[in-house]
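Each chain, written out:
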Amino acid sequence: MAKKAIIVESPAKTRTLQSFVGRGFKLLASMGSVRDLPKSGLGVDVENGFEPSYVTIPEKKKVVAELKRELKGVDEVFLATDPDREGEAIAWHLSEVLKLKNARRIHFNEITKEAVLEALGNPGEIDADRVSAQQARRVLDRLVGYEISPLLFQTLKAKSLSAGRVQSVALRLICDREREIALFEVREYWSVEAELTPTDREERFTAKLITKDGEEVELPDGDTTTGIVDDLRDRDYVVAKVTRKERRRNPYPPFITSTLQQQAARKLRFSARQTMVIAQQLYEGVEIGPEGSVGLITYMRTDSTRIADSAKQQAQAFITKRFGKEFVGRRQARKPKKGVQDAHEAVRPSSAQRRPKDVKEYLTDEQFRLYRLIWRRFVASQMAPAVFDVTTVDVAAGPWGLRATGSIIKFPGYQKLYEEERDEDRDEEDETAQRLPELSEDESLRLLELTPEQHFTKPPPRYSEASLVRELEQNGIGRPSTYAPIIEVLRRREYVSMDRRRFVPTRRGLVVCDYLVEHFSDLMEVEFTATMEAGLDTVEQGERDWVALVGDFYRPLTADLEAAKNAAPKRLDEKCPKCGGALLERLNVRGKYAACEDYPECCFTRPIDDPALPAPSKPELLDEQCPECAAQLQLREGRHGKFVGCSAYPKCEYTRPVGTDGNEAGEVTEVDVTCAECGKPMVARNSRRGPFLGCSGFPKCRHTMDLDEQGRPVPPAPESKETGDDAGEECDKCGKPMELRRGSRGAFLGCSGYPECRNTKPASGKAARGSRPKPEPTDEKCEECGSPMVVRSGKRGKFLGCSQFPKCRHTRNVPGDAAKANSAAGGD
């Protein structure tokens, strides 16, 4: 029996580590964190030093029980959770929950045999300062989330709203950029280029007009430009000056978390979350043929570009063998930037000798592409700079000055292997792209063509995932482990949408941002959040007490909370047109609106135009009359999306839903089926799961029926009675036979007298155990995390869902279902 045990976070790591340490160790997995603050309640005693009340996560109780069983008789336990703040806190929670008195802490930046054995030979203790820093972060996030999020719900009257210490600042960056774009004033400007050649030979090159009499020339409009072009046509062109110099372009450093996410977004079109999921797989280990499970890269959550000497030597040996000795770089180690924790190495391959093409057959396409990107960046970082011969030619044409710049590669250096993808937010032209002829001063030139071109200034671009991560990093907001979760929260809360891979704040996001900026200005300041991150660093370094840090943050927060709760609505200089009462300015998730002070006796409301928000969509009149009052119907938009409503509202409150695509094609199609619950006709409807029949009395009656592949209604027929152990049982209310049925929560027994008798009871035996069909694997990949998609069955039929559910909840229709849904609803 093993007398030693190693506890890691992921089962994938146990497979990789087992081959390194042998049978003398038990390899156990905690499946992430096992303790956290409770979901219900604040979980922090603000009156007694912000003492957190941790509880075992309900889903992890079985894991904890299994760990306790496995550790019986074990003499020594090594905690090998991830080497960062969160990993340190997980190790501490494990030692507390499992009551480990003999636990030692080990760290390894890469999952290789050498690194693991070295860590086992030099175990340490849990870093209390690092745990305190993570505890401070968790308490701060809980205080913000649990104190402000309910206030958002109460004020804006909408569910699924939340605020976060880092999340809300990221939202502000996106909203501020959107307003900057809206306020941007486009300005016209022109440029003039001359195509020239030496008089004695035909070697064309292009020079750009830049000065007049030594001063920078401005071309604001076409008329000004036309006059200058006419003048230039009559001038003689002479080479005024030729400057030649050597330019060296150094290789980029190896990846840190943020730069990895940025380049994966630009080169591979991966989301930040997808990048981190795939990187985690490469770090924890992949089966590489006869080698077994191998960790291909180092730990992927890091802010340091530092690399081990052994890794440098390995890379240099590979470069020498593959490209030659002259391609090996001689760069000195960089000093860490201010605010960098420098706890781990950069993201790099665990072995530079393991080329991407050598492991391609063992990796998925996404794993291979990301590994190749990491491998090339690391090896290139150890190569020599690229060297260019850059030539600048100044050309004189009377008082006018033109300039041409060109370059040739003298030595490719690191560019032999890797070139950085151009930052999509930096719209710089490469002025050195052309190759210039050999020219000398005072040499005459011949004008071939003048090209005036109109331009317009552009507003700053919206943030992409790559540029948002860069902005967060540059401003010290969040940490490498938080960038991807922040982006996912903004999407999940519907604060942002994506347009051509760019973040666009929704009306909901803008309203939430404005409310938080008005009432919690400190929380929404970039500098304030960056200062708080720096404060957490001082806690980790043992220079500050975490309780004092939280206290300094919480005191102004409570004052802001109290002021926000007591804020009175603004009185408008206007009377209610229905009752004559005063109108008040109120706020909901769609923006500001005027409401009568006598609510609920008077329900008058009207929207208030807010220039800071996008204009709400105007109701679209439909060629259809209201079935209740004969007024014209409108296609409107509410908090739950589009719907059809009567134009006579509020006198008539008739509404009906529309399809999930938001399109209204007139009356929904009635079918020759009667609702089993209320007797009204059933109508064909659509949902994201496909077509179904719904009662025309919705929302008062919510009865639905599924449709088969031919679009025919499927009655809720009982399942085969031979499959259950409850066959033949009678209803204990009416005496009729009970039938085995299936619902969204599995199998159950229902009375055959339904709907007159609604008696149900749980099923037992085989039917209960096998009530849910197993997901069917597919070749599709999840667009959010890169995991395989599987075919699942739901209330509306089959659909594609991520195999990582519930961690990833991405779903989409099964290919081909959209057409079927349209057909069932009467569409073309």
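The structure displayed is predicted, hence computed values, not measured ones.

Cut-offs applied
Residues numbered from 1 in each chain as written. Predicted model: local features only at pLDDT ≥ 70, side-chain atom pairs only at ≥ 80, totals over all residues. Heavy atoms only, no water. Pairing = 2+ DSSP bridges. Helix = DSSP H or I, 4+ residues; strand = E, 2+ residues; numbered from the N terminus. Axes fitted to C-alpha atoms, helices over the stretch in contact; angles between N-to-C directions. Phe/Tyr/Trp six-rings, centres within 6.5 Å; stacked < 30°, edge-to-face > 60°. Buried < 20%, exposed > 50% of the residue type's maximum accessible area, 1.4 Å probe, protein only. Lys NZ or Arg CZ within 6 Å of the ring centre and 35° of its normal. Core = buried A, V, L, I, M, F, W, Y, C linked by side-chain atoms within 4.5 Å. Contact = heavy atoms within 4.5 Å. Expected span 1.5 Å × (residues − 1). Right-handed = clockwise from strand over helix to strand, strands pointing away. Polar contact = N/O pair within 3.5 Å; in protein donor to acceptor, adjacent residues only side chain to side chain. Disulfide = S-S within 2.5 Å. Salt bridge = Lys/Arg side-chain N within 4 Å of Asp/Glu carboxyl O.

Examining the sheet that holds strand β20 (residues 570-575)
With antiparallel pairing, four strands are arranged side by side in an open sheet as β20-β21-β22-β23. Two strands close off the open sheet at either side, each with one partner strand: β20 and β23 (605-607). Each adjacent strand pair in this sheet contributes to an overall mean axis angle of 35 degrees, direction not counted. Note that β20 and strand β21 (residues 582-588) share three bridges and pair antiparallel. Within β21, the position partnered with Arg571 by the bridge is Leu584.

Some details on the packing of aromatic side chains
Enumeration according to the criterion identifies nine aromatic pairs in this entry. With 5.3 Å between their ring centres and 65 degrees between their planes, Tyr283 and Tyr299 make a pair best called edge-to-face. Of this pair, Tyr283 sits in helix α9 (residues 272-284) while Tyr299 sits in the loop between β14 (293-294) and α10 (309-322), placing them 16 residues apart in sequence. For Tyr299, a relative accessible area of 0% gives the class buried. Linked through ring pairs, Phe323, Phe327 and Phe411 together constitute an aromatic cluster. A cation over a ring is seen here: Arg35 above Trp92, with NZ or CZ 5.4 Å from the ring centre.

Observations regarding the nonpolar core
Core analysis: the largest hydrophobic core is formed by 122 residues, its most contacted members being Ile6, Phe108, Ile148, Ile297, Leu370 and Phe520. In terms of residue count, the dominant contributor to this core is helix α5 (residues 128-156) (ten residues). Beyond its immediate sequence surroundings of up to four residues, Phe520 is in contact with Ile148, Leu151, Tyr515, Leu557, Asp560, Leu561 and Ala564. Judged by nonpolar contacts, the second largest core, of 24 residues, contains Val229, Leu402, Leu436 and Leu450.

What to know about the environment of Val390
With respect to the helices, strands and loops of the structure, Val390 is situated in strand β15 (residues 386-397). Relative accessible area serves as the criterion here: at 2%, Val390 is assigned to the buried category. Taking C-alpha positions, Val390 is 6.6 Å from Arg247, a pair spaced 143 residues apart along the chain. Not counting the four nearest positions on each side in its chain, Val390 is found in contact with Thr243, Arg244, Lys245, Arg247, Thr405, Gly406 and Ser407.

Describing helix α12 (residues 365-381)
For α12, which comprises 17 residues, the first-to-last C-alpha distance of 24 Å matches the rise-based estimate of 24 Å (1.5 Å per residue) to within 8%. The element α12 is extensively covered by neighbouring structure, given that 13 of its 17 residues are classed as buried.

Re the sheet that holds strand β7 (residues 76-79)
Read across the open sheet, the four strands follow the order β2-β1-β7-β8; overall the sheet is parallel. Unpaired on one side and paired on the other, β2 (25-29) and β8 (103-105) mark the two borders of the sheet. Taken over all neighbouring pairs, the strand axes of this sheet differ in orientation by 25 degrees on average, direction set aside. One ladder, built from five bridges, connects strand β1 (residues 4-8) with β2; its direction is parallel. Residue pairing across strands places Ile6 opposite Leu27, the latter belonging to β2.

What to know about the pairing of strand β9 (residues 188-198)
Sheet analysis places β9 next to strand β17 (residues 444-456), joined by eleven bridges and oriented antiparallel. By the bridge assignment for β17, Glu188 is matched with Phe456. Pairing between β9 and strand β10 (residues 205-212): four bridges, direction antiparallel. Within β10, the residue paired with Glu195 across the bridge is Thr206. Taking the residues between adjacent antiparallel strands as the criterion, β9 and β10 are bridged by six residues.

Quick notes on the pairing of β1
Most of β1 sits inside the fold, with four of its five residues counted as buried. Crossover handedness for the path β1 to helix α1 (residues 11-21) to β2: right-handed.

Here we look at the side chain of Glu345
Relative to the helices and strands, Glu345 is located in the loop between α10 and α11 (356-359). Among the polar contacts made by the side chain of Glu345, one reaches the side chain of Arg348 at a distance of 2.7 Å. Residue contacts for Glu345: discarding those within four places in its chain leaves Asn109, Thr302, Ser304, Arg306, Ile307 and Ala308.

A word on the state of the cysteines
All chains considered together, the criterion is met by zero disulfides. Lacking any disulfide linkage, Cys596 is separated from the closest cysteine sulfur, that of Cys579, by 3.3 Å.

Details of the pattern of salt bridges
This structure, assessed with the given rule, holds 44 salt bridges. The partner of Arg244 in a salt bridge is Glu438, and the shortest N-O contact between them spans 3.3 Å. With Arg244 in strand β12 (residues 237-249) and Glu438 in the loop between β16 (400-411) and β17, this residue pair connects regions lying 194 residues apart in the sequence. Since its relative accessible area comes to 60%, Glu438 is described here as exposed.

Keep in mind these values describe shape, not function.
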